[in-house]
Amino acid sequence: MTTRTKHKRNPMKPRPGEVIGGGWIVLRRGDDTGRIRPSFMTFEHPTREAAEAEAARLAASRPGYRFDVLGVLASQMVAA
């Protein structure tokens, strides 16, 4: 049996310290495949430095796992 939190997070609202569209995310590499393993709601950091600090924190708390910092290099959009 799984436990659920009382309130679901609203993916439309940023979490404390998050900037939606911030462009910097931290992802863990998979155990066996080495593939990136994103979560349902990946946290977007406002700066590269903030993302690197989070990657360092996560790596220290989970020895043996690799955490990559990824940033937006280019973006394209065509008006509907």
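What counts and how
Residues numbered from 1 in each chain as written. Predicted model: local features only at pLDDT ≥ 70, side-chain atom pairs only at ≥ 80, totals over all residues. Heavy atoms only, no water. Helix = DSSP H or I, 4+ residues; strand = E, 2+ residues; numbered from the N terminus. Buried < 20%, exposed > 50% of the residue type's maximum accessible area, 1.4 Å probe, protein only. Areas by Shrake-Rupley, 256 points an atom, 1.4 Å probe, with all protein chains shown as cover. Salt bridge = Lys/Arg side-chain N within 4 Å of Asp/Glu carboxyl O. Expected span 1.5 Å × (residues − 1). Arc of directions from axis to C-beta. Pairing = 2+ DSSP bridges. pLDDT = per-residue confidence, 0-100.

Another aspect to go through is the overall build of the chain. Helices and strands together make up the secondary structure of the chain, namely 1 helix and 3 strands. The proportion of buried residues among the 80 residues of the chain is 18%. For the chain, the accessible surface area stands at approximately 7,000 Å², while carbon and sulfur atoms represent 55% of it.

Further remarks concern the pattern of salt bridges. Pairing between side chains of opposite charge can happen when their charged atoms approach one another. What the rule picks out here adds up to 5 salt bridges. With a closest N to O distance of 2.8 Å, E52 and R48 form a salt bridge. With E52 and R48 both in helix α1 (residues 48–61), this residue pair falls 4 residues apart, about one helical turn. Its relative accessible area of 46% is what places R48 among the partly exposed residues. Close ionic contact of E54 with R57 constitutes a salt bridge, the shortest N to O distance being 2.8 Å. A residue pair is termed a helical-turn pair when its members lie 3 or 4 positions apart in one helix, as E54 and R57 do in helix α1 at 3 residues. Through salt bridges with shared partners, a single network forms among R29, R66 and D68.

In a regular helix each residue adds 1.5 Å, so 14 residues correspond to 20 Å; α1 covers 20 Å between its end C-alpha atoms and thus fits that length. Looking only at α1, the buried set comprises A51, A55 and L58. Projected down its long axis, α1 carries its buried residues within an arc of 70 degrees, all on one side. Along α1, exposed side chains directed more than 90 degrees from the buried face belong to E49 and A60.

Taken together, 3 strands build an open sheet; the order of strands is β2-β1-β3 and the sheet is antiparallel. Single-partner strands in this sheet number two, and they are β2 (36–37) and β3 (67–71). Where strand β1 (residues 24–29) meets β3, 5 bridges bridge the pair, whose relative direction is antiparallel. Bridging across to β3, L27 finds its partner in D68.

This paragraph deals with the confidence of the model for the chain. Predicted confidence across the chain gives a mean pLDDT of 85, with 89% of residues reaching 70 or more. Confidence, expressed as mean pLDDT per element, reaches its minimum in the chain at β2 with 79 and its maximum at α1 with 96.

Bringing the environment of H45 into the picture now. Looking at where H45 falls in the secondary structure, it is placed in the loop between β2 and α1. Sequence spacing of H45 and I25 is 20 residues, and the spatial spacing of their C-alpha atoms is 6.0 Å.

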